Amino acid sequence: MSQSNSETARAGRIVAIYPGSFDPITNGHLDLIDRGARLVDRLIVAILQNRSKHPLFTVEERTEMLREVTAGFSNVEIDSFEGLLVDYAARHHANAILRGIRAISDYEHELQMALMNRRLRPETETIFLMASEDNSFISSRLVKEVISLNGNVSGLVPKTVEERLRQKLQLRKEG
Ligand SMILES: Nc1ncnc2c1ncn2[C@@H]1O[C@H](COP(=O)(O)OP(=O)(O)OP(=O)(O)O)[C@@H](O)[C@H]1O
Ligand SMILES: [Mg+2]
């Protein structure tokens, strides 16, 4: 076979997009990235730029944090996008979307999105991974809520993320 640059040209090669807000990345996201990266050839973690949401961290800050904590994975890249996920997937010749399921509450919403995405672009298959037991209760929203009330979030987010959260919220470290 020729050494073509066409990323998905080789049969059986899986290029997956893992889309999300990652505001900020949690250990739950990281676990999904770790397990997902073993399954696929190339994993693009893509930060969704949603103008209607009011994120705590800018896209640049979220990108930096994601880059720091995924530096050890050779087949993982960090990017961001606006607009339809399937259009972004098409631009990157991706044939899979990676998503996580924590609880029944995730399932409904995830199923609806997966079916819509399949309708919009059948070539892209959504792959779901179940959250690990230890991480199944972690969400970015809850982490932000707990730390803003001075609760302990160690073990829920990477250390560097915890520090940035404290800086952002100008909280002092207890103890
Ligand atoms: N702890 C976790 N374990 C497994 N999958 C997760 C976990 N947290 C998020 N995910 C999955 O990652 C994807 C992106 O999620 P998202 O960006 O909404 O993160 P989030 O933590 O739910 O943030 P927010 O609280 O802002 O909604 C979704 O498929 C979501 O189900
Ligand atoms: Mg969410």
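Residues numbered from 1 in each chain as written. Chains lettered and ligands numbered in written order. Predicted model: local features only at pLDDT ≥ 70, side-chain atom pairs only at ≥ 80, totals over all residues. Heavy atoms only, no water.

Caption draft 1: Highlighting the site of ligand 1. Neighbouring residues of ligand 1: 19 residues in total, closest Tyr-18, Ser-21, Gly-100, Asn-135 and Ser-140. Backbone polar atom of Ser-21 to an oxygen atom of ligand 1: 2.8 Å apart, as the coordinates give it. Relative to its unbound accessible area of 600 Å², ligand 1 is 89% covered by the protein chains. At a threshold of 2 Å from the grid points, most atoms of ligand 1 map onto the largest pocket. Those elements that place two or more of their residues in the shell around ligand 1 are strand S1 (15-20), helix H1 (27-39), strand S4 (96-101), helix H4 (104-120) and helix H5 (140-148). The class makeup of the residues in the shell around ligand 1 is six nonpolar, eight polar and five charged. (Near = heavy atom within 4 Å. Polar contact = N/O pair within 3.5 Å; in protein donor to acceptor, adjacent residues only side chain to side chain. Areas by Shrake-Rupley, 256 points an atom, 1.4 Å probe, with all protein chains shown as cover. 1 Å grid on protein atoms, 1.4 Å probe; cavity = no way out; pocket = protein on both sides within 12 Å on 5 of 7 lines; lining within 4 Å. Sits in = over half its atoms within 2 Å of the grid points. Helix = DSSP H or I, 4+ residues; strand = E, 2+ residues; numbered from the N terminus. Nonpolar A, V, L, I, M, F, W, Y, C, P; charged D, E, K, R; others polar.)

Caption draft 2: Inspection of the pairing of strand S5 (residues 125-130) at higher detail. Note that S4 and S5 share six bridges and pair parallel. Note on S5: the bridge partner recorded for Arg-99 is Phe-128. (Pairing = 2+ DSSP bridges.)

Caption draft 3: Representation of the layout of surface pockets within the structure. Computed from the structure, the largest pocket encloses a volume of approximately 1,300 Å³. As for the largest pocket, its lining consists of 48 residues, of which Pro-19, Gly-20, Ser-21, Lys-53 and Arg-99 are closest to the centre. Of all the secondary-structure elements, those providing two or more residues to the lining of the largest pocket are S1, H1, S4, H4, S5 and H5. It is H4 that provides the largest number of residues to the lining of the largest pocket, a total of nine residues. (Points joined across faces, edges and corners; volume = space filled by probe spheres on them.)

Caption draft 4: Quick look at a nonpolar patch on the surface. Side chains of Leu-84, Met-116 and Leu-120 sit close together on the surface and give an oily, nonpolar patch of about 280 Å² of accessible area. Secondary-structure assignment places Met-116 in helix H4. (Patch = residues over 30% accessible without salt bridge, like charges linked within 9 Å, V, L, I, M, F, W, Y side chains within 5 Å. Salt bridge = Lys/Arg side-chain N within 4 Å of Asp/Glu carboxyl O.)

Caption draft 5: Fine view of the packing of aromatic side chains. Enumeration according to the criterion identifies two aromatic pairs in this entry. Measuring from centroid to centroid gives 5.1 Å for Tyr-18 and Phe-22, while their planes differ by 85 degrees, and the two rings are edge-to-face. Looking at Tyr-18, the relative accessible area reads 6%, which means it is buried. With a relative accessible area of 2%, Phe-22 lands in the buried category. Relative to Tyr-88, the ring of Phe-81 lies with its centre 4.7 Å away and its plane at 25 degrees, an arrangement referred to as stacked. By the burial criterion, Phe-81 is buried, and Tyr-88 matches it. (Phe/Tyr/Trp six-rings, centres within 6.5 Å; stacked < 30°, edge-to-face > 60°. Buried < 20%, exposed > 50% of the residue type's maximum accessible area, 1.4 Å probe, protein only.)

Caption draft 6: Main features of the nonpolar core. Membership of the largest hydrophobic core comes to 29 residues, with the highest contact counts inside it found for Tyr-18, Ile-25, Ile-33, Leu-43, Val-45 and Leu-66. Among the secondary structure elements, those contributing two or more residues to this core are S1, H1, strand S2 (42-48), helix H2 (59-69), strand S3 (76-81), S4, H5 and helix H6 (159-169). For this core, the element with the highest residue contribution is H1, accounting for four residues. Setting aside anything within four residues of it in sequence, one finds Leu-43 in contact with Ala-16, Tyr-18, Ile-33, Gly-36, Ala-37, Asn-75, Val-76, Glu-77 and Leu-98. Grouped together as the second largest cluster of nonpolar side chains are 10 residues, Ile-17, Ile-44, Phe-81 and Ile-97 included. (Core = buried A, V, L, I, M, F, W, Y, C linked by side-chain atoms within 4.5 Å. Contact = heavy atoms within 4.5 Å.)

Caption draft 7: Fine view of the packing of H2 against H6. Closest axis-to-axis distance for the H2/H6 pair is 10 Å, and the angle between their directions is 155 degrees. The angle between H2 and H6 places the two elements in the roughly antiparallel class. Here Glu-61, Glu-64, Met-65, Glu-68 and Val-69 of H2 come into contact with H6, specifically with Thr-160, Val-161, Arg-164 and Lys-168. A class-by-class count of the residues in the contact of H2 with H6 yields three nonpolar, one polar and five charged. (Axes fitted to C-alpha atoms, helices over the stretch in contact; angles between N-to-C directions. Parallel < 35°, antiparallel > 145°, perpendicular 65-115°, else oblique.)

Caption draft 8: Looking closely at the pattern of salt bridges. Under the definition given, this model contains 13 salt bridges. Notably, a salt bridge pairs Arg-118 with Glu-125, separated by 3.2 Å at the nearest N-O pair. By relative accessible area, which is 41% here, Glu-125 ends up partly exposed. Among the salt bridges present, the one from Arg-141 reaches Glu-145, with a minimum N-O distance of 3.0 Å. Taken together, the residues Arg-141 and Glu-145, both in helix H5 and four residues apart, mark about one turn of the helix.

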